[in-house]
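Observations on the model geometry
Residue strings, one per chain:
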Amino acid sequence: HAKSSGGKGERFFTADMEAQIEARHALEADLRKAVEREEFELHYQPLYDLSQQRICGFEALVRWNHPTRGRVPPLEFIPLAEEVGLVVDIGRWVLRRACRDAVYWPEDIKVAVNVSAIQFTDSDLPGDVAAALEEAGLTAGRLEIEITESVLMENLDEALPILHVLKQRGIRIGMDDFGTGYSSLSYLRRFPFDKIKIDKSFVNGIVEDKEAFAIMRAIILLGDALGMRVTVEGVETAEQMALLRSEACDEIQGYHISPPRPAVEVPYLLSQLPEHERFKAG
Ligand code: C2E
Ligand code: MG
Ligand code: MG
Ligand code: MG
């Protein structure tokens, strides 16, 4: 970077860097304690089937309730947890919790769990998944694992055989944030995903903008042609939902249906179903 323009500027820069490093260390220390103290909680966001017009599953999204920091969003601590290896413990907890919650839901309601790259490389993921299912008494077919493209991109050789093992055991595999990586299309040929979740950035403008809609439509058709279930994330309006319903989109997720909610609210969300049916009729 630029030459230092004087002692003062450099000191400020250094102090700022130090403060950042210190803040990270503090966060890391808190994160370690959080694993021991189980300060995590899962919220669940509905996956809504457009042709059946009902909720068909929930995605588990981890929340960290820190005693003084308050609720720390996953995008603020998952990357750090990945760097320091804590994501293995967190991920194991998430899997167990999600399976134990889902066993109380109706049998046709699935649970989707996000899995980090590190869980593929630094832990026995199939073993952890099997243990979580068995402990909860949940059938494998009700669990869906979501992996982002970047996970695959970084660890293809290690991740693919593990994905095959999981798939053989009846666990469904979804590619998350589809379209955000740069070599998405080749991955679709290398692994038979059950589902792609089109990233929420592609929803922006589909109602107003022809080009945005054309891109969305093309991705949906691609997923459909390859025999995968297609989910669109980040659906926030009735207009977006109506438009997607007219396409080969199987499933939507987003604030229009519901934001992620605590586990205790799942029965309430499931009972809200008739309201969406009325929406369709009207
Ligand atoms: P993701 O798996 O793609 O999850 C969807 C994210 O979009 C969630 O953010 C959700 O709250 C948000 N979202 C849902 N509907 C809408 C909408 O209509 N509009 C907008 N703008 N956003 C919407 P969240 O809960 O903050 O999670 C962020 C990311 O953190 C997740 O993205 C996932 O990659 C990661 N994550 C969450 N929980 C876990 C976990 O248990 N393990 C791992 N490894 N990663 C997790
Ligand atoms: Mg996800
Ligand atoms: Mg996503
Ligand atoms: Mg389809």
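Just so you know, the residues in each chain are numbered from 1, in the order the chain's sequence is written. Written order determines the labels here, with chains lettered from A and ligands numbered from 1. Totals for whole chains, interfaces and linings use every residue, but because this is a predicted model, local features are given only for residues with pLDDT of at least 70 and side-chain atom pairs only at 80 or more, for both listing and counting. Side-chain metrics rest on all non-hydrogen atoms present in the structure, leaving aside hydrogens and water.

The protein is annotated in an unreviewed UniProt entry as Diguanylate cyclase of Rhizobium grahamii CCGE 502.

On to the site of ligand 1, then. Near residues are defined by distance, with any heavy atom within 4 Å of the molecule or strand qualifying the residue. Of all residues adjacent to ligand 1, which total 22 residues, the nearest are Arg-63, Asn-114, Asp-176, Glu-236 and Tyr-255. Within 3.5 Å is the distance limit for a polar contact, defined as a pair of N or O atoms, with the added protein rule that one can donate a hydrogen and the other accept it, and that residues adjacent in sequence qualify only through two side-chain atoms. Contact distances for ligand 1 include 3.1 Å between a nitrogen atom and a backbone N or O atom of Val-62. Here Lys-200 contributes a side-chain N or O atom positioned 3.0 Å from an oxygen atom of ligand 1. Only the protein chains shown count as covering a residue, and every accessible area follows the Shrake-Rupley method with a 1.4 Å probe. Notes on ligand 1: free accessible area 810 Å², of which the protein chains cover 85%. In this analysis the probe radius is 1.4 Å and the grid spacing 1 Å, with only protein atoms considered; a cavity is a set of points the probe fits into but cannot get out of, a pocket is an open set with protein on both sides within 12 Å along at least five of seven lines, and lining residues have an atom within 4 Å of a point. To decide whether a molecule occupies a pocket or cavity, check its atoms: if more than half lie within 2 Å of the grid points, it is inside. Using a 2 Å cut-off from the grid points, one finds that ligand 1 occupies the largest pocket.

Patch construction takes residues with relative accessible area above 30% that form no salt bridge. Like charges are linked within 9 Å, and nonpolar side chains (Val, Leu, Ile, Met, Phe, Trp, Tyr) are linked within 5 Å. Any Lys or Arg side-chain nitrogen located within 4 Å of an Asp or Glu carboxyl oxygen qualifies as a salt bridge. By the counting scheme adopted, Arg and Lys are positive, Glu and Asp are negative, and His together with the chain ends is not counted. Here the site of a charge means atom NZ of a Lys, CZ of an Arg, CG of an Asp or CD of a Glu. A contiguous patch of negative charge, built from Glu-208, Asp-209, Glu-211 and Glu-239, is present on the exposed surface. Counting through the fold element by element, Glu-208 comes out in the loop between strand E7 (195-198) and helix H8 (210-225). Given the relative accessible area of 66%, Glu-208 is considered exposed. Helix and strand assignments come from DSSP, with helices taken as H or I runs of at least 4 residues and strands as E runs of at least 2, each series counted from the N terminus. For the exposure calls, accessible area comes from a 1.4 Å probe over protein chains only, and a residue counts as buried if that area is under 20% of its type's maximum, exposed if over 50%, partly exposed in between.

A separate point is the pairing of strand E8 (residues 229-232). Pairs of strands are assigned from DSSP output, requiring at least two bridges between the strands. In the sheet, E7 pairs with E8 via four bridges, with the strands oriented parallel. The partner of Lys-195 across the bridge, within E8, is Arg-229. Note on handedness: a crossover is taken as right-handed if, strands pointing away from the viewer, the path from the first strand over the helix to the second is clockwise. Since E7 and E8 lie parallel, the crossover through H8 that links them has a hand, and here it is right-handed. Examined bridge by bridge, E8 and strand E9 (residues 251-252) share two bridges and lie parallel to one another. Bridged to Thr-231 within E9 is Glu-251. Crossover connection from E8 via helix H9 (residues 238-245) to parallel E9: handedness right-handed.

Quick look at helix H6 (residues 149-168) now. An ideal rise of 1.5 Å per residue puts 28 Å on 20 residues; H6 reaches only 21 Å between its terminal C-alpha atoms. A residue's bend is the angle separating two fitted axes: one through the seven residues that end there, the other through the seven that start there. In H6, a bend of some 110° at Leu-156 exceeds every other bend along the element. Along H6, the positions that sit buried rather than exposed are Glu-149, Val-151, Leu-152, Asn-155, Leu-156, Ala-159, Leu-160, Ile-162, Leu-163 and Leu-166. In this scheme, a helix's expected span is set at 1.5 Å multiplied by one less than its residue total.

The criterion for an aromatic pair is that two Phe, Tyr or Trp rings (for Trp, the six-membered ring) have centres within 6.5 Å, with stacked assigned to planes under 30 degrees apart, edge-to-face to planes over 60 apart and tilted to the rest. Within this structure, the stated rule accounts for seven aromatic pairs. Measuring from ring centre to ring centre gives 6.1 Å for Phe-40 and Trp-64, while their planes differ by 45°; the resulting arrangement is tilted. One end of the pair, Phe-40, is in strand E1 (residues 40-49); the other, Trp-64, is in strand E2 (residues 54-66), and 24 residues separate them in sequence. The exposure classification of Phe-40 matches that of Trp-64, with both residues buried. Members of the aromatic cluster, joined through ring pairs, are Phe-40, Trp-64, Phe-77 and Trp-93.

Moving on: the layout of surface pockets. Approximately 1,200 Å³ is the volume found for the largest pocket. For the largest pocket, the lining is made up of 42 residues, of which Leu-61, Pro-74, Leu-75, Asn-114 and Asp-176 are closest to its centre. Of all the secondary structure elements, the ones that give two or more residues to the lining of the largest pocket are E2, helix H2 (74-83), helix H3 (87-102), helix H4 (117-121), strand E5 (143-148), H6 and strand E6 (172-178). Each residue is assigned to one class: nonpolar for Ala, Val, Leu, Ile, Met, Phe, Trp, Tyr, Cys and Pro, charged for Asp, Glu, Lys and Arg, and polar for all the others, Gly among them. Broken down by class, the residue content of the lining of the largest pocket amounts to 19 nonpolar, twelve polar and eleven charged. Grid points are joined across faces, edges and corners, and a volume is the space filled by probe spheres set on the points.

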